Amino acid sequence: MPLHKILMPPQVEYAIRTLQQAGFSAYIVGDCVRDALRGEIPHDWDLTTSAMPLQTKDCFRNETVIETGLKHGTVTVLKDGMPLEITTYRIDGAYTDHRRPDAVTFTRNLRDDLSRRDFTVNAMAYHPDEGIIDLFGGQEDLARQRIACVGNPSERFDEDGLRILRALRFSAVLDFTIAPDTAAAIHAQKELLTGISAERIFSELSKLLCGIGAQRILREYADVLFTILPDLAPMYRFDQQNPHHCYDVYEHTLHAISAVPPEPMLRFAALLHDSGKPSVFTKDERGGHFYGHAAVSTEIARNVLHRLKSDRKTLDTVCRLVEYHDLVFPTPVSEKHLKRVISKLGFDHTEALLLLHRADVSAQAESHRAERIAHSNALLDTLAKLRAADECLTIQKLAVTGNDLINLGVPQGKRIGTLLRTLLEQVIDGIIPNEPAALLNAAEQYLNQQKSG
């Protein structure tokens, strides 16, 4: 009986036994082993085998098989709806582009395959009869909660520069430390990241930012972040010289990141919300000021996310949050003011803005921090009540549509949107009820005023 027993789905056990009965060795490998040993349920189950790709296909000829990457030894078997990625043991050739091997050589030796992997915690295999195959100290590093390269870190990163960002991502998400020699190589070889595709950097950075250890990693590896996002380097150790702030701009940013929920758009907004501060800094007898920094930060955010080839929704949402993050909300909470913000941004964006606002004030000087956090919480409570009340606070909730106004005789174009906005403001202010007859009557009066004017 193996020392560690990993409970595998029946589809995975079936795949291992099928390959074994055909005379081949097979193991689950990589992330699924690591996650199972940490007591988590793996998202994906990857297998490695001594069978050549075409032999693997033949073993599963009665199943749906997708030729995921025969050149690199990988096929995907669909068993009862579960995709199983099965890869032949291989040795990677030279990495002339610092990203992918120029060629791979298939091997019958499991050690060869495990030795080419990135980190020790990802280089373990498992067989239900043999237990854990751990040739590079992965279990020890799991117990010590640290990320360490398999073999020489400089060689591993030189093979694939993305591994630098993957190391930081794993460390942030798992909240692991990074082994000293691996950390030294990350700092020394960070320029390799300049040759990595924007899409891969965006994907890894999104996960890193949402990790429990994101603040620690971004502090310890600021030089790596600035290699891929040089736009943020001016924030580093930039003294705000303002009584409301106890941190420099970058340190304030790190605290704000940790204070928002771990959702990519919120974390990116926190990362970028004050990026324009250094370029607009002024100082007088009251201290440092950053007039207009929200607009500059929005432009930086747009440039950064465009360069990273972010999806459109993330780009638009983050830029909107950065643009409005400095919006002043009256004290005590004004329901009417909040309604107007909701009417402009919508419920979801307003909630995200308030979460960013709370994170922002929580990362400021302690003198007024508790009071400002309480105010932010009161705004969020009021928002929740307004959402539950299902009042008409957005154009979509108006009892009339643009087509109704066109039928009334309003010319198509921007005037439709302007009139709908005017009607919404009157509903929010309680001037007219959200009823078709009242809204159309108000719209008709507006049209008559326009004609007489």
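Because the structure is predicted, anything quoted here is derived from the model rather than measured. Going along each chain's sequence as written, the residues are numbered from 1 onward. Confidence filtering applies because this is a predicted model: local features only for residues at pLDDT of at least 70, side-chain atom pairs given and counted only at 80 or more, and all residues used for totals across whole chains, interfaces and linings. As a convention, hydrogens and water are excluded, and side-chain values are obtained from all of the structure's heavy atoms.

1. Quick notes on the sheet that holds strand 8 (residues 124–127)
At least two DSSP bridges between two strands are needed for those strands to be called paired. Helix numbers and strand numbers start at the N terminus; a helix is a DSSP run of H or I with at least 4 residues, a strand a run of E with at least 2. On the basis of which strands lie adjacent, the open sheet formed by seven strands has the order 3-4-5-2-1-8-9 and mixed pairing. Where the open sheet ends on each side, the last strands, each with one partner, are strand 3 (64–69) and strand 9 (131–134). Across the sheet, the axes of successive neighbouring strands diverge by a mean angle of 35°, strand direction being ignored. Relative to strand 2 (residues 46–49), strand 1 (residues 26–29) is paired through three bridges, and the arrangement is antiparallel. Its bridge partner being in strand 2, Ala26 is matched across the sheet by Thr49. To get an axis, a line is fitted to the C-alpha atoms, and for a helix only the part in contact is used. The angle between two axes follows their N-to-C directions and goes from 0 to 180 degrees.

2. Observations concerning the pairing of strand 2
Pairing analysis gives four bridges linking strand 2 to strand 5 (residues 82–88), with the strands arranged parallel. The residue bridging Thr49 from the neighbouring strand is Thr88, located in strand 5.

3. Describing the packing of helix 12 (residues 249–259) against helix 13 (residues 264–272)
Closest axis-to-axis distance for the helix 12/helix 13 pair is 8 Å, and the angle between their directions is 165°. It follows that helix 12 is roughly antiparallel to helix 13 by the angle criterion. Between helix 12 and helix 13 lies a crossing of right-handed hand. Judged by residue contacts, Thr253, Ala256, Ile257 and Ser258 of helix 12 engage Arg267, Ala270 and Leu271 from helix 13. Throughout, the ten residues Ala, Val, Leu, Ile, Met, Phe, Trp, Tyr, Cys and Pro are labelled nonpolar, Asp, Glu, Lys and Arg are labelled charged, and all others, Gly among them, are labelled polar. Looking at the contact of helix 12 with helix 13 residue by residue, the class counts come to four nonpolar, two polar and one charged. For this classification, under 35 degrees means roughly parallel, over 145 means roughly antiparallel, 65 to 115 means roughly perpendicular, and everything else is oblique. Left-handed is the label given to a crossing in which the near helix is rotated counterclockwise from the far helix by less than a right angle, and right-handed is the label when the rotation is clockwise. Contacts were defined at the residue level, with two residues in contact if any of their heavy atoms lie within 4.5 Å.

4. Quick notes on the pattern of salt bridges
Just to be clear on terms, a salt bridge is a Lys or Arg side-chain nitrogen sitting within 4 Å of an Asp or Glu carboxyl oxygen. Under the criterion given, the structure shown has 32 salt bridges. With its nearest N and O atoms 2.5 Å apart, the salt bridge here joins Asp141 to Arg146. The rule is simple: take the accessible area with a 1.4 Å probe, protein chains only, and divide by the maximum for that residue type; under 20% is buried, over 50% is exposed, in between is partly exposed. Among the residues examined, Asp141 registers a relative accessible area of 4% and is labelled buried. One continuous salt-bridge network, built from bridges that share partners, spans Arg90, Asp92, Asp113, Arg116 and Arg117.

5. Describing the pairing of strand 3
Relative to strand 4 (residues 74–79), strand 3 runs antiparallel, the two sharing four bridges. Across the sheet, Ile66 pairs through a bridge with Thr76, a residue of strand 4. As consecutive antiparallel partners, strand 3 and strand 4 are separated by four residues, and within that stretch Gly73 has a phi angle of approximately 90°, a positive value.

6. Some details on the packing of helix 13 against helix 16 (residues 312–324)
Here helix 13 crosses helix 16 at 45°, and the two axes come no closer than 9 Å. The angle between the axes of helix 13 and helix 16 places the two elements in the oblique class. Helix 16 is crossed by helix 13, and the crossing has right-handed handedness. Contact residues: helix 13 offers Met265, Leu266, Phe268, Ala269 and Leu272, while helix 16 offers Lys313, Thr314, Thr317, Val318, Leu321 and Val322. Tallied by class, residues from the contact of helix 13 with helix 16 come to eight nonpolar, two polar and one charged.

7. Some details on the packing of aromatic side chains
Centres within 6.5 Å make a pair out of two Phe, Tyr or Trp rings, where for Trp the six-membered ring is used; the pair is then stacked when the planes are under 30 degrees apart, edge-to-face when over 60, and tilted otherwise. Under the definition given, this model contains eight aromatic pairs. With centroids separated by 5.9 Å and ring planes inclined at 80°, the aromatic side chains of Phe119 and Phe170 adopt a geometry described as edge-to-face. Taken as a pair, Phe119 in the loop between helix 4 (110–115) and strand 8 and Phe170 in helix 7 (residues 162–174) lie far apart in primary sequence, 51 residues in all. Each of the two residues, Phe119 as well as Phe170, counts as buried. Two limits define a charge over a ring: the Lys NZ or Arg CZ must be within 6 Å of the ring centre, and within 35 degrees of the ring normal. The aromatic ring of Phe170 is capped on one face by Arg169, whose charged end is 4.5 Å from the ring centroid. One Lys or Arg, Lys277, reaches over the ring of Phe290 and ends 4.8 Å from the middle of that ring.

8. Looking at the state of the cysteines
Whenever a pair of cysteine sulfur atoms sits within 2.5 Å, that pair is classed as a disulfide. Tallied over the entire structure, the rule returns zero disulfides. Among the cysteines around Cys32, which has no disulfide bond, Cys59 carries the closest sulfur, lying 19 Å off. Under the relative-accessibility criterion, Cys32 is labelled buried at 1%. With no disulfide of its own, Cys210 lies closest to Cys319 among cysteine sulfurs, the gap being 17 Å. For Cys210, a relative accessible area of 21% translates into the label partly exposed.

9. Quick look at the side chain of Thr382
Structurally, the position occupied by Thr382 is in helix 19 (residues 369–389). Taking relative accessible area as the criterion, Thr382 reaches 14% and is therefore assigned buried. Ignoring anything within four residues of it in the chain, the contact list for Thr382 reads Val333, Glu335 and Leu338.

10. Re the environment of Thr48
With respect to the element layout, Thr48 can be found in strand 2. With a relative accessible area of 0%, Thr48 lands in the buried category. Considering only alpha carbons, one finds Thr48 and His349, 301 residues apart in sequence, at a separation of 45 Å. Residues within four places of Thr48 in sequence aside, it is in contact with Ser25, Ala26, Tyr27, Val29, Thr87, Thr88, Tyr89, Leu110, Asp113 and Arg117. Among the polar contacts listed, one links the side chain of Thr48 to the backbone oxygen of Thr87, at a separation of 3.2 Å. Polar contacts here mean pairs of N or O atoms no more than 3.5 Å apart (in protein, one a potential hydrogen donor and the other a potential acceptor; neighbouring residues in sequence count only if both atoms are side-chain atoms).

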